[in-house]
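Examination of the molecular architecture
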Amino acid sequence: MYFAWTIKHKPKSLSEIVGNKESVQKFVDWVKSWEKGIPKKRAAFLYGPPGVGKTVTVETLANDFRMELVEKNASDYRTEDAINRFAGLSSQYSSLFGGKRIVLLDELDGLTGTSDKGGVKATIDIAKKAQCPLVLIANNAYDPRFSNLRNYCLLIEFKKPPAGEVMKHLKRICASESIQADEDALKFVAQRSEGDVRSAVNDLQALSQGKKRLTYEDVSWLGYRDRQDTIFNVLRMILYGRTCVSAKQAADMADVDVDMLFEWIYENVPEHLTDPHDLAKAMDALSKADVYRGRIRSAHDWSLTRYVIDFMTAGVAMARQNTKAHGWIPFKFPARIQMLSRSKAERATQLNIGHKIKRKCHISAYRASKEILPYLKIIFKNNVDMAVGIAKWLDLDPEMIEYMTENKEKTEAIVKQLSK
Amino acid sequence: MSFEMWAEKYRPKKLDDMVNQKEIVERLKSFVKSRNVPHCIFAGPPGTGKTTAALCLARDLYSEAYREHIMELNASDERGIDVVRETVKTFARVRSIGEIPFKIMILDEADNMTSDAQQALRRTMERFTETCRFILCANYSGKIIEPIQSRCAPFRFSFLPREEHDKYLKHIAEKENVRLLKDGLDAVFEVCSGDLRKAINTLQAAASLNKPVDAKIVYSITGKASPADVQKMLEIAMKGNFIEARKQLRDMIQKYGVAGSDIIRQIHTEIFRADIPEPWKIKLADVVGEIDYRLVEGADEEVQLSALLARLVEVGFELGKNA
């Protein structure tokens with residue numbers, strides 16, 4: 001079962017928070033000031049863009065100072081009544097068991113007009129009377145709705161940490177997951193995240209799934225995607241789409257071309273549609289999309305693309321009948337695209353050998369590389385004498401010989417005999 | 001054992017050496033006798049002697065200096081219209097010096113020429129008939145445009161019959177001091193189904209292990225695409241592990257360069273051997289046939305074949321339910 005790294009590798013102590021040293025210190029000082037009595041501002045308002053560590057700062061502080069954290073966030077209803085009930089908790093500094101308490105109202109941006117009616121007003125009331133540290137968190141503290149509330153709060157801004165800080169965090173994660181990651185690969189992921197540590201960690205997990213080594217090549221495709229409508233969202237809309245229209249719309253949101261989107265869907269279908277019937281239907285839809293791709297090529301008619309899209313999006317979405325959504329399954333980068341780019345150099349060598357074979361064997365270089373080369377590889381691996389004879393006859397260079405033997409010592413032995 | 005490529009070493013040099021395609025060879029000999037050759041299309045599956053026949057014809061016609069009078073072009077590598085305009089025309093227009101007034105242009109794998117190039121070729125063939133005769137080799141004559149077909153004498157090459165195939169391989173094995181066992185020979189025929197080039201390459205690769213050649217070695221040679229491997233992939237799918245089965249498929253295609261058509265042919269064989277209810281076999285054969293056709297049309301091999309694997313996962317699941 002997959003376990004999200006954003007949770008698994010969440011900082012456990014304040015010292016592990018990525019960046020924002022001054023803001024964290026300001027917050028710590030404020031909490032400590034409660035020891036000497038109730039401070040002027042009874043609430044701290046932490047604000048800043050997503051994924052920069054606001055919530056985790058509060059959580060690790062509670063952990064470091066052994067405080068009891070009482071939390072409400074967007075998933076709870078926050079009408080006036082609900083918050084007032086919650087207010088009771090903040091009327092005491094010490095909890096039932098003698099520990100100190102800290103109260104957190106997270107995702108305040110989520111307070112909506114109708115269902116969380118009166119929520120802001122109730123929050124102000126608590127902020128006025130709180131007997132323990134009250135922490136509020138929102139992306140934008142300067143939303144007009146909060147103008148009155150701000151007067152009662154110590155405002156603490158969290159900024160996007162610099163890429164270097166994000167990178168250090170990614171490095172720690174790689175170390176504990178025993179992944180050998182290239183410096184420039186991590187740098188790329190960190191820079192792409194633009195300070196959103198959470199998304200950087202998510203990206204890292206998706207990219208390095210099942211790998212022991214992470215190279216720049218593995219991550220560079222991230223450059224294709226926009227941070228707004230990430231390919232992950234698009235995939236989610238397709239693989240978990242309930243209507244044909246919504247699945248089809250996802251294709252418009254994607255900023256990769258149709259063929260690349262096809263690869264993404266094709267790669268990720270089996271892990272997200274696990275029921276055998278659903279899987280067969282989804283793969284069948286993809287194979288039909290592929291048939292239309294072929295028809296576009298042979299008829300030179302691009303208008304047929306709409307049918308490719310129909311099958312690869314709506315066709316896949318409608319395949320889901322029995323599979324239940326369970327847990328968080330990360331999306332993976334299309335492995336066969338990686339394989340293709342990695343084997344590009346390999347295929348160039350294959351074709352070069354193909355040209356050598358062509359000169360002797362009356363067959364095209366392309367077919368030689370497909371139909372004759374595999375046999376030569378077997379010969380070169382098993383029989384040095386025969387390899388020497390054939391290498392001489394075909395006039396192969398050492399690089400080609402090494403490609404065939406896949407072994408340095410054998411290559412040397414063959415080259416040595418050749419030079420005699 | 002000789003250390004060159006046997007498929008070339010044992011390629012027949014003269015029409016008289018050619019063991020198979022008897023009727024074709026007789027007609028070609030009559031061309032040599034009359035010292036005249038029409039434009040020809042040699043059509044047939046790979047490894048059945050098309051290129052060899054063309055080369056033998058040339059050698060019989062021009063004797064040892066034949067190289068000066070022929071040109072071999074490979075349409076898979078050079079298939080654009082420019083090649084026809086430049087290379088082919090330049091070669092075709094210049095009169096040959098010698099007693100035979102025409103040269104021979106061998107266009108190999110001609111079914112891979114673009115249709116534009118074929119249109120251009122049609123003019124060239126007409127204009128320079130006096131100075132150049134064309135032999136087009138192709139797997140499918142259907143992919144050659146009508147106007148060219150109508151200008152050519154058609155020759156249809158077929159797979160080697162079993163006895164000819166066996167005779168030829170035994171002959172090579174004897175010359176090369178290789179012990180070729182009966183089941184090894186059977187395996188070669190099963191894997192290569194009469195494609196002689198493939199058969200000889202298989203034999204040589206097997207012989208390079210310096211052991212008697214038996215079925216096990218042959219299958220391990222054709223290795224990455226041996227029946228056992230496809231069988232394993234199908235088994236994995238039937239057990240419900242689609243992701244692993246697709247990975248195997250991907251390796252076969254990308255790492256080992258096995259053609260999708262080869263894989264599907266083996267799947268077709270395996271389905272009728274598989275331990276599944278009889279009526280399902282014919283249902284699956286229908287799916288396989290559809291996919292085979294799509295591949296011929298140029299669909300993506302991995303995508304199509306993995307759709308088939310997903311069907312097998314479904315079959316395996318249903319079987320498990322009934323058991």
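Residues numbered from 1 in each chain as written. Chains lettered and ligands numbered in written order. Predicted model: local features only at pLDDT ≥ 70, side-chain atom pairs only at ≥ 80, totals over all residues. Heavy atoms only, no water.

**Describing the overall build of chain A**
Let me state the cut-off plainly: Note on conventions: DSSP H or I runs of at least 4 residues are helices, E runs of at least 2 residues are strands, and numbering of each starts at the N terminus. Any two residues whose heavy atoms approach within 4.5 Å at even a single point are treated as in contact. Each accessible area is a Shrake-Rupley result for a 1.4 Å probe, and residues are judged covered by the shown protein chains and nothing else.
Along chain A, the regular secondary structure elements total 21 helices and seven strands. Sequence separation of 24 or more characterises 74% of the internal contacts of chain A that already satisfy a separation of 6 or more. Surface summary for chain A: the accessible area is close to 20,000 Å², and the carbon and sulfur share equals 52%.

**A look at the overall build of chain B**
Which entries qualify depends on this criterion: Here the term buried applies to any residue with accessible area under 20% of the maximum for its type, exposed to any over 50%, and partly exposed to those in between, with areas from a 1.4 Å probe on protein chains only.
The secondary structure content of chain B amounts to 15 helices and five strands. Counting every position in chain B, which comprises 323 residues, the buried fraction comes to 54%. Taking the contacts inside chain B whose residues are at least 6 apart along the sequence as the reference set, 75% of them involve residues at least 24 apart. Only carbon and sulfur atoms are counted for the fraction: they give 51% of the accessible area of chain B, which is about 14,900 Å².

**Considerations on the interface of chain B and chain A**
Worth spelling out the cut-off: Buried area is understood as the total, over both parts, of accessible area removed when two parts are fitted together, assessed with a 1.4 Å probe. In protein, a polar contact means a hydrogen-donor-capable atom and an acceptor-capable atom, both N or O and within 3.5 Å, with residues adjacent in sequence counting only if both atoms are side-chain atoms; elsewhere, any N or O pair within 3.5 Å suffices. Amino acid classes used here: Ala, Val, Leu, Ile, Met, Phe, Trp, Tyr, Cys and Pro are nonpolar; Asp, Glu, Lys and Arg are charged; the rest, including Gly, are polar.
Contacts between chain B and chain A engage 54 residues on the former and 46 residues on the latter. Between chain B and chain A the total buried area reaches about 4,400 Å² when both faces are included, carbon and sulfur atoms providing 58% of it. The largest share of the area that chain B buries against chain A comes from B:Phe3, B:Met5 and B:Gln254, three residues that together contribute 15% of it. The interface formed by chain B and chain A holds 19 residue pairs in polar contact (both at pLDDT 80 or more) in total. Elements that contribute at least two residues to the side of chain B that touches chain A include exactly helix H1 (6–9), helix H3 (50–62), strand S2 (70–74), helix H9 (196–207), helix H12 (242–255) and helix H15 (301–322) of chain B. Looking at the side of chain B that touches chain A element by element, the count peaks at 12 residues for H15(B). Split into classes, the residues belonging to the side of chain B that touches chain A amount to 17 nonpolar, 15 polar and 22 charged.

**Focus on the pattern of salt bridges**
Applicable threshold: A pairing counts as a salt bridge when a side-chain nitrogen of Lys or Arg comes within 4 Å of a carboxyl oxygen of Asp or Glu.
Enumeration over the complete set of coordinates arrives at 41 salt bridges over all chains. Linking B:Arg11 and B:Glu8 is a salt bridge whose minimum nitrogen-to-oxygen distance equals 2.8 Å. Take B:Arg11 and B:Glu8: they sit in the same class, and that class is buried. Measuring nitrogen to oxygen at the nearest pair gives 3.0 Å for the salt bridge that ties B:Asp186 to B:Lys182. You can see B:Asp186 and its partner B:Lys182 sitting in helix H8 (residues 182–192), four residues apart, about one turn around the helix. Here the residues in one salt-bridge network are A:Glu263, A:Glu267, A:Arg336, B:Arg246, B:Arg250, B:Asp300 and B:Glu302, joined through shared partners.

**A look at the nonpolar core**
Keep this limit in mind: Each nonpolar core is a collection of buried residues, namely Ala, Val, Leu, Ile, Met, Phe, Trp, Tyr and Cys, held together in the definition by side-chain atoms within 4.5 Å.
With 64 residues, the main nonpolar core has A:Leu261, A:Val269, B:Ile263 and B:Ile267 as its most contacted residues. Ranked by residues supplied to this core, first place goes to H15(B) with nine residues. A:Val269 has contacts with A:Leu239, A:Leu279, A:Ala282, A:Met283, A:Leu286 and A:Val316, leaving out every residue within four places of it along the chain. Core analysis: the next-biggest nonpolar cluster, separate from the first, contains 52 residues, A:Met386, A:Ile401, B:Met5 and B:Leu203 among them.

**Some words on unusual backbone geometry**
Unlike most non-glycine residues, A:Arg66 shows phi in positive territory, near 50 degrees. By the secondary structure assignment, A:Arg66 is in the loop between helix H3 (54–64) and strand S2 (67–72).

**Here's the deal with the side chain of B:Ser208**
As for its placement among the helices and strands, B:Ser208 is situated in the loop between H9 and helix H10 (215–221). Owing to a relative accessible area of 1%, B:Ser208 belongs among the buried residues under this scheme. Within the structure, B:Ser208 has its side chain in polar contact with the backbone oxygen of B:Ala205 (distance 2.6 Å). Setting aside its immediate chain neighbours within four residues, B:Ser208 contacts A:Ile378, A:Ile379, A:Asn382, A:Asn383 and A:Met386.

**Focus on the confidence of the model for chain B**
All names here are of chain B. For the record, the criterion: Per residue, pLDDT measures the predictor's confidence, with a range of 0 to 100.
Averaged over all residues, the pLDDT of chain B is 87; the fraction at 70 or higher stands at 96%. Counting interchain partners and residues more than four positions distant, the pLDDT-below-50 stretch residues 224–228 has 11 contacts. Complex prediction metrics read pTM 0.53 and ipTM 0.73.

**As for helix H14 (residues 278–296) of chain B**
Three- or four-residue spacings in an α-helix give side chains the same orientation, since the helix completes a turn every 3.6 residues. How we decide: Multiply 1.5 Å by the residue count of a helix minus one, and that product is the helix's expected span.
Between its terminal C-alpha atoms H14(B) stretches 28 Å, which fits the 27 Å expected from 19 residues at 1.5 Å a residue. All buried positions along H14(B) are accounted for by B:Lys281, B:Leu284, B:Ala285, B:Val287, B:Val288, B:Ile291, B:Arg294 and B:Leu295. Along its buried surface, H14(B) packs onto helix H14 (276–299) of chain A together with helix H13 (260–273) and H15 of chain B. Trailing H14(B) by a residue or two, B:Gly298 shows a phi angle of about 100 degrees, which is positive.

**Things to note about the packing of helix H2 (residues 21–33) of chain A against H3(A)**
Residue and element names in this part refer to chain A. Under the convention used in this document: Note on geometry: axes are C-alpha line fits, over the in-contact stretch for helices, and angles between N-to-C directions span 0 to 180 degrees. For classification purposes, angles smaller than 35 degrees are called roughly parallel, those larger than 145 roughly antiparallel, those between 65 and 115 roughly perpendicular, and all remaining angles oblique. Note on convention: the crossing is left-handed when the near helix lies turned anticlockwise from the far helix by less than a right angle, right-handed when the turn is clockwise.
Axis separation between H2 and H3 bottoms out at 11 Å; the angle between their running directions is 45 degrees. It follows that H2 is oblique to H3 by the angle criterion. For the crossing formed where H2 meets H3, the hand is right-handed. For the pair formed by H2 and H3, the contact residues are Val24, Phe27, Val28 and Val31 on the first element and Thr57, Val58 and Leu61 on the second. The residue makeup of the contact of H2 with H3, split by class, is six nonpolar, one polar and no charged.

**Let's talk about the pairing of strand S1 (residues 43–47) of chain A**
Residue and element names in this part refer to chain A. Spelled out, the test is: Strand pairing is assigned whenever DSSP detects at least two bridges linking the two strands.
A large share of S1 lies buried, amounting to five of its five residues. Going residue by residue along S1, you find Ala43, Phe45 and Tyr47 tucked away on one face and Ala44 and Leu46 tucked away on the opposite face as well. Bridging between S1 and strand S5 (residues 153–157) involves five bridges; their strand directions are parallel. Bridged to phenylalanine 45 within S5 is leucine 155.

**Some words on the sheet that holds strand S4 (residues 132–138) of chain B**
Residues and elements named next belong to chain B. Reading across the sheet, the five strands line up as S2-S3-S4-S1-S5 and stay open at both edges, with parallel pairing between neighbours. Looking at which strands have only one partner, the edges of the open sheet turn out to be S2 and strand S5 (153–156). Sheet twist, expressed as the mean angle between neighbouring strand axes with direction ignored, is 15 degrees. Note: strand S3 (residues 103–108) against S4, five bridges, orientation parallel. Bridge pairing links isoleucine 104 to arginine 133 in S4. Against the sheet, helix H4 (residues 81–93) contacts S2, S3 and S4, and its axis sits at roughly 165 degrees relative to S2.

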